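# Working through the structure, step by step
Now for the letters of each chain:
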Amino acid sequence: FANYHKLLEDLNEKKDGPDGRTSGQYLDRQMAIIYELRSLRKYHAISLRILERNLLTWTQISNGGYGSVISEAQRTIAFIKRNQHRMFRRCVNLDD
């Protein structure tokens, strides 16, 4: 619980460089956090909603350099959706 909430805090707390742009180091950290969300299966449903909401914000930022973060979020969203489907398939026969 605490680890998940710390990851979300670090993901959403914007850190600007001296020139007002988001620093590359922070963008790398965001990418790593987004990737780490894949391993926290218990939180996949809420992580999916948070990432989808953040994608809207990140795509509207014109000078932030968020392309790599957006790409990682899209990959993680796809991963979570694939795995939610697999988990669901174990419980319910989708072929019926």
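Look a little higher up for the structure.
The following refers to the structure shown. This one's a predicted model, so the numbers in the text were calculated from it and none came from an experiment.

About the thresholds
Residues numbered from 1 in each chain as written. Predicted model: local features only at pLDDT ≥ 70, side-chain atom pairs only at ≥ 80, totals over all residues. Heavy atoms only, no water. Helix = DSSP H or I, 4+ residues; strand = E, 2+ residues; numbered from the N terminus. Buried < 20%, exposed > 50% of the residue type's maximum accessible area, 1.4 Å probe, protein only. Contact = heavy atoms within 4.5 Å. Areas by Shrake-Rupley, 256 points an atom, 1.4 Å probe, with all protein chains shown as cover. Arc of directions from axis to C-beta. Salt bridge = Lys/Arg side-chain N within 4 Å of Asp/Glu carboxyl O.

### Details of the overall build of the chain
Counting its regular elements, the chain contains 4 helices and 0 strands. Sequence-ordered secondary structure for the chain, helices as α and strands as β, is α-α-α-α. Within the chain, the proportion of its 96 residues that are buried is 35%. Taking the contacts inside the chain whose residues are at least 6 apart along the sequence as the reference set, 63% of them involve residues at least 24 apart. Of the roughly 6300 Å² of accessible surface on the chain, 53% is carried by carbon and sulfur atoms.

### As for helix 1 (residues 2-12)
Taken as a whole, helix 1 has its buried residues at Tyr4, Leu7, Leu8, Asp10 and Leu11. Projection of helix 1 onto a plane perpendicular to its axis shows the buried side chains occupying an angular sector of 165 degrees, all on one side.

### Things to note about the pattern of salt bridges
Opposite charge on two side chains makes pairing possible when the charged atoms of those side chains draw close. Under the defined criterion, the tally for this structure stands at 5 salt bridges. The residue Glu52 makes a salt bridge to Lys81 at a minimum N-O spacing of 3.4 Å. With Glu52 in helix 3 (residues 44-60) and Lys81 in helix 4 (residues 67-91), this pair connects stretches of sequence that are 29 residues apart. Lys81 sits in the partly exposed class, given a relative accessible area of 43%. The salt bridge involving Arg75 is made with Glu72; its shortest N-O contact spans 4.0 Å. Note that Arg75 and Glu72 are positioned in helix 4 at a spacing of 3 residues, about one turn of the helix. The partly exposed category is assigned to Arg75, whose relative accessible area is 49%. The class of Glu72 is buried, set by a relative accessible area of 10%. One salt-bridge network, in which partners are shared between bridges, spans Lys6, Asp10 and Arg29.

So far we have only geometry, and geometry alone does not tell us how the molecule works.
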